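Structure at a glance
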Amino acid sequence: MKKHFPDEPLQSHTLDMLWEVQNEKGYIPNADITRLSARLGISEIELEGVASFYHFFHRKPAGQFCIYVNNSILAEFKGYRDIVSAFEKATGAALGGTDASGTFGLFETPCIGLCDQEPSALINFYPFTHLTPAKVAQIVDGLRSGVGVEFLSNAVEDNIRYTPEPDKTVLLRAFEPGSALEPLLRLAPDEVLSVVKESGISGRGGAFFPTGLKWELCRKNESDCRYIVCNADEGEPGTFKDRVLINRLPGLLIEGMIVAGYAAGAARGIIYLRAEYRWLLPKLHAAIEMYEHIGWLGADAPTKEPFRFDIRVQIGAGSYVCGEETALLESLEGKRGEPRTKTFFPVERGYLGRPTVVNNVETLCFAARVMELGAEFFQALGTPVTRGTKLLSVAGDCNRPGIFEIEWGMTVAELLELCEASDPYFIQVSGPSGQCISAWDSHRRFAGEDLLCGGAIMVFDHTRDILQILRNFTAFFQHESCGMCTPCRAGNFIFSRKLDKMARGLGSLQDITEMQQWAQIMKRTTRCGLGMTAPNPLLYAIDRFPEYFEKKLDSTRTGLNRSFDLESALEDYRDAVQ
Amino acid sequence: MEKKLVNITVDGRPIAAEEGRNIVEVAKDNGIFIPSLCYYPHIDPPLGSCRVCTVMANGKSAAACTTLVKEGMEVLVNTDELQDWRKAVVEMMYAEGNHFCPSCEKSGDCDLQGLGYRLGVTVSRFPHLFVDRIVDYNPQRMVIEHNRCIRCRRCVEEVLTDEGQRVFSFQNRGNTTEVGVDYEQEAKLTQEQAMQAMNICPVGAILVRGKSMARPRGERKYDHADSKAEVPLPKIIALKPHLRRKKIVATTSLAGCFGCHMSMLDIDLGILDLIELVEFNKSPINDIKKFNKRCDVGIIEGGCCNSDNVEVLKAFRENCDVLIAVGECSIWGGLPAMRNFVPLKECLVEAYSSATNNVEGKLVIPHHPDLPEILDRVYACNEVVTIDHFVPGCPPDAGHIWKVVKNVLFGETFAVTNAEFKYD
Ligand SMILES: Cc1cc2nc3c(=O)[nH]c(=O)nc-3n(C[C@H](O)[C@H](O)[C@H](O)COP(=O)(O)O)c2cc1C
Ligand code: SF4
Ligand code: SF4
Ligand code: FES
């Protein structure tokens, strides 16, 4: 198994080089920046620019044990604050820093994909779930007494809650290694393309682009080398389906990549795995080794037409926007994860300028099942626009959080019943970048014809405050914006200031109108999907829950700005003259 | 080789353009103006970072600089909506950075400012964010004024040493993204390369020591260019005419320097004509201290830095039909708002204890029931009350102020030219 391919330039090793230092020293000292930038032949500031883009790289000591507590809204509602306090108390480190001895570093981080077992945290990238203050104290005691993190870390549950009848289950049915590869012995690449196209499957990463077409476009672009990139960045808060697929069916994913490589004419595959899932790396490595061992990877494969494919894994370093396919490619090239302009598609100019297919984990797994089951299998499954099934990760205020493989076409009400959500009020579909629905929408169907869902369902009951949800989402986008384009960089910041103001009870009707207008401007002027979708939570919430906002606002029109609060503006002065 | 021509339309007008060129260039060749800031012709591919060039291409919004023309493409540039979006992006830059034009070396030569004039930005619709940023004096040849950087990325791409090393690079991400300077590489730049860096920066963020005022005020890019061109100002709604009585105007200076009032008096003898037409109520001009009549127009100079400013401003809102904020200080805080980056307590300690003219070790912050109390920061007038019109400038041109006032009072139509429309 390779860490890098021989034809990749040194700069593609940048993230790995930085990780090596980070892992060894707990941070990246200046001396290493000097050393590595000389090795890479770039200026120090350029390398510092890369390092400072990713929030898991630290430029100051971050502790021998680096603790990341998840601050997503699901965690917030399940006791995030108490867990942080417990860690602070046990370790002596304040959030955002280390204790005096430098043993523990305590930080917050957006969703780590363990939403069904919150509150959760990572310590040196090992998962810890279902945390309680008492458990935190025990863990820290254990670490102090020299027990290895890996032994204290607990097993992550897959929590598979629902699959359709066996003959309708696609992804989560039993897996026989080789079953997706076997058809490649008989089929030429364009025949594989036909099967995939005929099955009607489309991308599961959120954009629902037809998978067969993407592969074909890649194949059509002449090149000395093409790439299949598996997007395992799963950064959308509330989503954890890819985690379960990799944990349970790593072989299925590898087979999906091989199928894609064969069909798209690619010789190289790269799995871009988010650092939050580093604990899944051994699973992936074992799977890759197994396929190397049986001659499907790293050697001439026994396919109908000559084909040789290699797969390596790249670990990310903490950045949601790197899930955006062009930012991901930049990151693979060892740069800051800034989305590219949309002048070219990755299938035209992707990784290292070569035609590249970027596919989500679930898409590739699904493609493997298409080869195994045949295109006809999907004819009658799902809805005409979205065929087959979909994995949903459900979490929040329900008794059965976890993974649901649903046939496209299931209603919201059915899902809510299956997950035992007894008091659903505000349901966020597809994560913060998606949309919220209310009980009024429960008749709607998850389907391309009605309600598309990328994978995350967050259920909130009547005890939850909408403004708290929106502030959490906006803070997330503010933190995760790449900072490249004006409307997203400044816009999310402006929104979070506005929401803070509303939270202080100073919102007016005008604030709502302004936010709606500004959201439209942001959607139309930003450079990538992050900025375009960042205002969605606000727009949908205002649309779906008008009564909530009416209660929060004052609609008297005196010409005096309600948001200006003289008393609080004078507090500092009164304090100073004391 | 001859380049292939493709047929596109821009706002419905058919245009033949070379395939593979971007929309900004094609539009320019055909006399159509599309604002741009980060775009710099020889940076290829274009950066697409600022987004002020947003247009519609085949029904989808897109940055014109990164969109290449294709056969049959339908481009929209000048719809009301698009003009508003582009203007909003410029306003966002003003809200995000700290652009104190009156104290900026680049004023008059600044592309952001020039675009502000051209698009008629009188006020940012977004609340000013007042993010504390530094001025970096470490580089050998340069001073980096982070307050003004719009993160266009031009310097990152274009400023390289002879060995091809980058001198600038973006650091961090999100709203903390900033331009970082490699001091070691910067020291290797020649004076010409440093000058090139200053010139490529569209704003006054990169300054070369001793050279930033090389081109004097009055001879700068936007001082005379298009000086006769009209600024597209927001529509003003004129008051209904009253019969029989003179119009009544009130004025005040809050946290300002009276410069705007001086500017108002700058119409010289024009003031005599004005007195024929209007009567002044509460105003420093006639020293009437309290409102004794309802007024048609209130003119506000300065923002709010203390409780008295707030009271006066509220009284203006209550007693005047239309409020006009005049000058940078009233519009967003202006120079007094330079204290907004420092906690009030620190400011007070600095002023009343640490400053050299104070008795050492003694800290007495003036406070008395008769003295106004100081606000935590300087507030723009529209953060406290609704403001109807904004006249930017430090100070604004007298012509601009009275044109707006007369328009409100008498519905006189008017045009403000680039030369009259100023931020500094
Ligand atoms: C801000 C942003 C974040 C994204 N994050 C992910 C992600 O974590 N995983 C993913 O598969 N796709 C993500 N995408 C979508 C990818 O850009 C891309 O569409 C997808 O990987 C294509 O794969 P598919 O065709 O298999 O869906 C993201 C898009 C945006 C705009
Ligand atoms: S929209 Fe946001 S994440 Fe996307 S390019 Fe712009 S700043 Fe970066
Ligand atoms: S310093 Fe100037 S050139 Fe560089 S990013 Fe900032 S505004 Fe652009
Ligand atoms: S000029 Fe096009 S994005 Fe800046």
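About the thresholds
Residues numbered from 1 in each chain as written. Chains lettered and ligands numbered in written order. Predicted model: local features only at pLDDT ≥ 70, side-chain atom pairs only at ≥ 80, totals over all residues. Heavy atoms only, no water. Near = heavy atom within 4 Å. Polar contact = N/O pair within 3.5 Å; in protein donor to acceptor, adjacent residues only side chain to side chain. Areas by Shrake-Rupley, 256 points an atom, 1.4 Å probe, with all protein chains shown as cover. Helix = DSSP H or I, 4+ residues; strand = E, 2+ residues; numbered from the N terminus. Nonpolar A, V, L, I, M, F, W, Y, C, P; charged D, E, K, R; others polar. Buried < 20%, exposed > 50% of the residue type's maximum accessible area, 1.4 Å probe, protein only. Contact = heavy atoms within 4.5 Å. Pairing = 2+ DSSP bridges. Axes fitted to C-alpha atoms, helices over the stretch in contact; angles between N-to-C directions. Core = buried A, V, L, I, M, F, W, Y, C linked by side-chain atoms within 4.5 Å. Salt bridge = Lys/Arg side-chain N within 4 Å of Asp/Glu carboxyl O. Buried area = accessible area lost by both parts, 1.4 Å probe. Domains from an automatic or database assignment. Phe/Tyr/Trp six-rings, centres within 6.5 Å; stacked < 30°, edge-to-face > 60°. Lys NZ or Arg CZ within 6 Å of the ring centre and 35° of its normal.

A few words on the site of ligand 1. Residues and elements named next belong to chain A. In the neighbourhood of ligand 1, 18 residues make up the surrounding shell, with Gly205, Lys214, Asn231, Asn360 and Thr363 lying closest. One nitrogen or oxygen atom from the side chain of Asn231 is found 2.9 Å from an oxygen atom belonging to ligand 1. Contact distances for ligand 1 include 2.7 Å between an oxygen atom and a side-chain N or O atom of Asn360. Relative to its unbound accessible surface of 610 Å², ligand 1 loses 89% to contact with the protein. Those elements giving two or more residues to the shell around ligand 1 turn out to be strand S10 (356–360) and helix H19 (529–533). When residues in the shell around ligand 1 are grouped by element, the largest group, 3 residues, is from S10. Classifying every residue of the shell around ligand 1 gives 3 nonpolar, 9 polar and 6 charged.

Residues and elements named next belong to chain B. You can see Ala194 is positioned in helix H6 (residues 191–200). Overall, Ala194 belongs to the buried group, its relative accessible area being 0%. Separated by 38 residues in the primary sequence, Ala194 and Pro232 place their C-alpha atoms 36 Å from one another. Excluding residues that lie within four positions of it along the chain, Ala194 makes contacts with Arg141, Met142, Leu189 and Val208.

Residues and elements named next belong to chain A. A sheet is described by the order of its strands in space; here 6 strands give the open sequence S6-S12-S11-S15-S13-S14, paired in mixed fashion. Of all strands in the sheet, those with a lone pairing partner are strand S6 (160–162) and strand S14 (435–437), marking the two edges. Adjacent strand axes in the sheet meet at a mean angle of 30°, parallel and antiparallel pairs treated alike. Together, S6, strand S11 (389–396) and strand S12 (402–407) form the strand contacts of helix H10 (residues 241–248), whose direction differs from that of S11 by roughly 115°. The sheet contacts of helix H20 (residues 536–544) involve strand S13 (424–429) and S14, and relative to S14 the element is tilted by about 20°.

So, on to the nonpolar core. One finds Trp215, Leu253, Ile258, Ile271 and Phe549 of chain A together with Phe168 of chain B to be the most contacted residues of the largest nonpolar core, which totals 206 residues. For this core, the leading source of residues is helix H11 (residues 250–264) of chain A, giving 10 residues. Residues contacting Ile271 of chain A, with those up to four places away along its chain left out, are Cys230, Ala232, Leu253, Ile254, Met257, Leu284, Ile311, Arg312, Val313 and Gln314 of chain A. The next biggest cluster of nonpolar side chains, apart from the first, holds 32 residues, and it includes Ala569 of chain A together with Ala325, Val378 and Cys381 of chain B.

Looking now at the sheet that holds strand S9 (residues 310–315) of chain A. Strand pairing in a sheet relies on backbone hydrogen bonds, with the paired strands running either antiparallel or parallel. Residues and elements named next belong to chain A. The strand order across the open sheet formed by 4 strands is S9-S8-S7-S10, and the pairing between neighbours is parallel. Since the sheet does not close on itself, it has two edges, and those belong to S9 and S10, each with one partner. Averaged over all adjacent pairs, the angle separating strand axes in this sheet is 20°, with direction ignored. Helix H12 (residues 281–293) contacts strand S8 (268–273) and S9 of the sheet and is inclined by roughly 170° relative to S9.

Side-chain pairs of opposite charge can arise where the charged atoms are in close proximity. Scanning all chains against the criterion turns up 60 salt bridges over all chains. Here Arg544 of chain A and Asp543 of chain A are joined by a salt bridge, their closest N and O atoms 3.7 Å apart. Salt bridges sharing partners connect three or more residues here, namely Glu46, Arg336 and Glu338 of chain A together with Arg153, Glu157 and Arg166 of chain B.

We now examine the interface of chain B and chain A. The parts lose accessible area when they come together, and the size of an interface is often stated as this lost area. Each partner contributes residues to the interface: chain B has 66 residues there, and chain A has 55 residues. In this assembly, chain B packs against chain A so that about 5,200 Å² is buried in total across both faces, 58% of it on carbon and sulfur atoms. On the chain B side of the interface with chain A, the three residues burying the most area are Met92, Leu129 and Arg173 of chain B, jointly 15% of the side's total. Remark: the boundary between chain B and chain A carries 5 salt bridges. The salt bridge involving Arg166 of chain B is made with Glu46 of chain A; its shortest N-O contact spans 3.4 Å. At the boundary of chain B and chain A, one finds 33 residue pairs in polar contact (both at pLDDT 80 or more). Of the residues forming the side of chain B that touches chain A, the biggest block, 7 residues, is contributed by helix H2 (residues 80–96) of chain B. In terms of residue class, the side of chain B that touches chain A is built from 30 nonpolar, 19 polar and 17 charged.

Here the focus is the domain arrangement of chain A. Residues and elements named next belong to chain A. If you check the domain split of chain A, you get domain 1 (10–53), domain 2 (65–152), domain 3 (161–379), domain 4 (389–461) and domain 5 (466–577). Each side of the interface is counted separately: domain 3 has 22 residues, and domain 4 has 27 residues. Buried surface at the junction of domain 3 and domain 4, both sides included, amounts to about 2,000 Å², of which 62% is carbon and sulfur. When the area that domain 3 buries against domain 4 is broken down by residue, the three leading residues are Arg161, Tyr162 and Phe208, summing to 35%. The interface formed by domain 3 and domain 4 includes 2 salt bridges. Between Glu407 and Lys168 there is a salt bridge, with its nearest N and O atoms 3.2 Å apart. Here domain 3 is connected to domain 4 by 14 residue pairs in polar contact (both at pLDDT 80 or more). Counting residues per element, the ones that place at least two in the side of domain 3 that touches domain 4 are S6, H10 and helix H14 (361–373).

What follows concerns the packing of aromatic side chains. The geometry of an aromatic ring pair is captured by the separation of the ring centres together with the interplanar angle, meaning the angle of the planes. In total, this model carries 34 aromatic pairs over all chains according to the counting rule given. An angle of 55° between the planes, with centres 6.1 Å apart, marks the rings of Phe426 of chain A and Phe460 of chain A as tilted. Taken together, the positions of Phe426 of chain A in strand S13 and Phe460 of chain A in strand S15 (residues 456–461) put the pair 34 residues apart, joining distant regions of the chain. As far as burial versus exposure is concerned, Phe426 of chain A and Phe460 of chain A are alike and both buried. Members of the aromatic cluster, connected to one another through ring pairs, are Trp19, Phe53, Tyr54, Phe56, Phe57, Tyr68, Phe107 and Phe125 of chain A. It is Arg274 of chain A that lies over the ring of Tyr277 of chain A; its NZ or CZ is 5.2 Å from the centre. The ring of Tyr379 of chain B carries the charged tip of Arg377 of chain B above its face, separated from the ring centre by 4.1 Å.

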